[in-house]
Amino acid sequence: MLGQGKNAWQAEIDSAAELCDFLRFNCKYAEELYTQQPPKNSPGVWNRVEYRPLEGFVLAVSPFNFTAIGGNLAAAPALMGNVIIWKPAPAAVYSNYIIQKIFMEAGLPAGVIQFVPGPAPELVGACIAHPEFASLHFTGSTHVFKALWKQIADNIHVHKSYPRIVGETGGKNFHLIHPTADPKTVVPQSIRAAFEFQGQKCSALSRMYVPDSLWEEIKKEFQTEVAKIKVGDVADFSNFMTAVINQAAFDKIKSYIDFAKSSSEAEIICGGTYDDSKGYFIQPTVIATTNPHFKTMKEEIFGPVVTVYVYPSGDFDKMYQLIQDTTEYALTGAIFANDRHAVKNATNGLRHAAGNFYVNDKCTGAVVGQQPFGGARASGTNDKAGSINLLYRFVSVRTVKESFLPITDWSYPSNQ
Ligand SMILES: NC(=O)c1ccc[n+]([C@@H]2O[C@H](COP(=O)([O-])OP(=O)(O)OC[C@H]3O[C@@H](n4cnc5c(N)ncnc54)[C@H](O)[C@@H]3O)[C@@H](O)[C@H]2O)c1
Ligand SMILES: N[C@@H](CCC=O)C(=O)O
């Protein structure tokens, strides 16, 4: 709670519940994976596959915002037999170190997961340039992941094997509201999605598409409800929101709010204020824009700021293309509607807009074992943490064919 600025509710979901789920479900998935064997054996032949760990080590590079993600980045490949170097984010070293100590206390042999905090470019650079570098398991921002991918390519002549690159990165997540949606549920769901953990979730709601027929009601509801949100110290359990992670995050988020304030294309509907006199506090902010390609509709802010574009109600179907063309990301998104056709059409029309798509539910809060998590396009390799898919990336399959009926003649029957 103190290190990462999580309130008690969010800290419990992340550091305890989600990490336990990752560990338990991965055991089940590993068991399922090992049971997958070739479906056919010719007479006198026994075919089998062996799921070997990768040759070399896996480099796990974790973000500040989820302790569970850090733990899983290291533990999932370790479960499949790999050796891991785990580099935590500077802002989350303390909680991640506690997880490492728990792993050791639980009996993990020394050296299987090597916890190495330190200066990122030097440490990660040295690992990537090592011949035994076998895989990058990364979660963090898109630009860092792209830079690391390039670095890996630059070192490909050094590596013993082709490294497996697994990365979950940024998002610009959306709620698309249909004219039949109920504002009484749209607003609370959107408040949670945009402002829980101060919007510092890759899945956080960052842009909304609201029909003009509902806008006045939704706007009023936002103003009433957001005014009730308490922002302050994590130790005071009545606070819904706390501080953002550090000065750099505060400055970045503030610059987006200031940009909106100074623009003729945007209006601050709620919030818009901030204070770093003691801690880095940003009030939950809702911006309305007349430009669907406005800067805050496109770029990942990673803070408690959501931007609304109000569209003509009759243009609902046009929103699918607009949503996809506005950003490079494709992580999470949701449709709110009480019309089954609209739900079906949006689900199809937005097929590639999000790796995690929600219907009448907010775009955050995937649960391990229920909603495998991850996005494509600039949001990552979509290997789906919390599912069997991820585990396949950390094994290298060996095929073994054993014959019990050896041949004694080299010629074909057709040669006789
Ligand atoms: N898609 C997902 O599942 C998911 C989950 C959580 C966070 N994220 C993303 O993570 C970001 C927020 O986390 P963050 O601020 O910790 O991300 P970040 O990219 O700044 O840092 C992530 C990790 O990369 C390391 N790093 C940073 N610069 C580096 C460099 N030049 N060379 C090598 N390593 C470097 C950091 O030390 C840290 O360990 C957001 O963009 C968010 O969307 C994505
Ligand atoms: N898996 C989390 C987000 C993790 C990213 O920060 C969610 O679904 O909200």
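Residues numbered from 1 in each chain as written. Chains lettered and ligands numbered in written order. Predicted model: local features only at pLDDT ≥ 70, side-chain atom pairs only at ≥ 80, totals over all residues. Heavy atoms only, no water.

1. Describing the site of ligand 2
Contacts to ligand 2 come from Asn65, Phe66, Ile69, Lys201, Cys202, Ser203, Thr364, Gly365, Ala366 and Phe373. Take Asn65: an N or O atom from its side chain is 2.9 Å from an oxygen atom of ligand 2. One nitrogen or oxygen atom from the main chain of Cys202 is found 3.0 Å from an oxygen atom belonging to ligand 2. Here ligand 2 has 280 Å² of accessible area as a free molecule, and 96% of this is covered by the chains. When the residues that make up the shell around ligand 2 are grouped by side-chain class, the tally is 5 nonpolar, 4 polar and 1 charged. Three or more residues apiece are contributed to the shell around ligand 2 by two domains, here domain 1 (8-169 + 380-402) and domain 2 (174-359). (Near = heavy atom within 4 Å. Polar contact = N/O pair within 3.5 Å; in protein donor to acceptor, adjacent residues only side chain to side chain. Areas by Shrake-Rupley, 256 points an atom, 1.4 Å probe, with all protein chains shown as cover. Nonpolar A, V, L, I, M, F, W, Y, C, P; charged D, E, K, R; others polar. Domains from an automatic or database assignment.)

2. Observations regarding the nonpolar core
Residues Leu176 and Tyr209 are the most contacted members of the largest nonpolar core, which totals 37 residues. Take this core: its biggest share by element is 6 residues, from helix α8 (residues 247-261). In this structure, this core is formed jointly by two domains, domain 1 (8-169 + 380-402) and domain 2 (174-359), each of which donates at least three residues. In this structure, Tyr209 is in contact with Phe174, His175, Leu176, Ile177, Met297, Tyr309, Tyr311, Met319, Leu322, Ile323 and Thr326, ignoring residues within four places of it in sequence. With 33 residues, the next largest nonpolar core counts Ala76, Val166, Val368 and Val395 among its residues. (Core = buried A, V, L, I, M, F, W, Y, C linked by side-chain atoms within 4.5 Å. Buried < 20%, exposed > 50% of the residue type's maximum accessible area, 1.4 Å probe, protein only. Helix = DSSP H or I, 4+ residues; strand = E, 2+ residues; numbered from the N terminus. Contact = heavy atoms within 4.5 Å.)

3. Notes on the UniProt feature "active site" (unreviewed entry) in the protein chain
Residues annotated by UniProt as "active site" (unreviewed entry) correspond here to Glu168. Locating Glu168 in the fold gives a position in strand β6 (residues 164-168). Beyond its immediate sequence surroundings of up to four residues, Glu168 is in contact with Phe138, Thr139, Gly140, Gly374, Gly375, Ser379, Gly380, Thr381, Asn382, Asp383 and Lys384. (UniProt positions renumbered as here; feature names shortened; annotations may be inferred.)

4. So, the UniProt feature "domain: Aldehyde dehydrogenase" (unreviewed entry) in the protein chain
With numbering matched to this structure, UniProt assigns "domain: Aldehyde dehydrogenase" (unreviewed entry) to residues 3-400. End C-alpha to end C-alpha, residues 3-400 measures 49 Å, and it is 37% helix and 22% strand.

5. Remarks on the side chain of Asp14
Tracing the backbone through its elements, the reader meets Asp14 in helix α1 (residues 8-35). Ignoring sequence-local partners within four residues, the contact set of Asp14 consists of Lys6, Leu19, Asn65, Phe66, Thr67 and Ala68.

6. With respect to the domain arrangement of the protein chain
Splitting the protein chain by domain gives domain 1 (8-169 + 380-402) and domain 2 (174-359). Using C-alpha coordinates to define each centre, domain 1 is positioned 32 Å away from domain 2. Contact with domain 1, which involves 10 residues of that partner, is made by 13 residues of domain 2. Summed over both sides, the interface between domain 1 and domain 2 buries roughly 1,000 Å², with carbon and sulfur atoms accounting for 60% of that surface. (Buried area = accessible area lost by both parts, 1.4 Å probe.)

7. Side note on empty space enclosed by the protein
The tally for this structure, following the rule as stated, stands at 1 cavity of 30 Å³ or more. Of the volumes computed, that of the largest cavity is approximately 80 Å³. Residue lining of the largest cavity: 14 residues in total, with Gly199, Lys201, Ala204, Ser206 and Phe302 positioned closest to the centre. The class makeup of the residues in the lining of the largest cavity is 7 nonpolar, 5 polar and 2 charged. (1 Å grid on protein atoms, 1.4 Å probe; cavity = no way out; pocket = protein on both sides within 12 Å on 5 of 7 lines; lining within 4 Å. Points joined across faces, edges and corners; volume = space filled by probe spheres on them.)

8. Structural notes on the site of ligand 1
By nearness alone, 27 residues border ligand 1, and Ser62, Lys87, Ser141, Thr169 and Glu300 come closest of all. Here an oxygen atom of ligand 1 sits 2.7 Å away from a polar atom, N or O, in the main chain of Ser62. Here an oxygen atom of ligand 1 sits 3.0 Å away from a polar atom, N or O, in the main chain of Phe64. Within the complex, 84% of the 840 Å² of free accessible area of ligand 1 lies under protein. Elements supplying a minimum of two residues to the shell around ligand 1: α4 (120-128), β5 (133-139) and α5 (142-154). If you tally residues by element for the shell around ligand 1, the top one is α4, at 3 residues. Here the shell around ligand 1 is built from residues that sort into 17 nonpolar, 7 polar and 3 charged. Residues lining the shell around ligand 1 come from more than one domain, with at least three contributed by each of domain 1 (8-169 + 380-402) and domain 2 (174-359).

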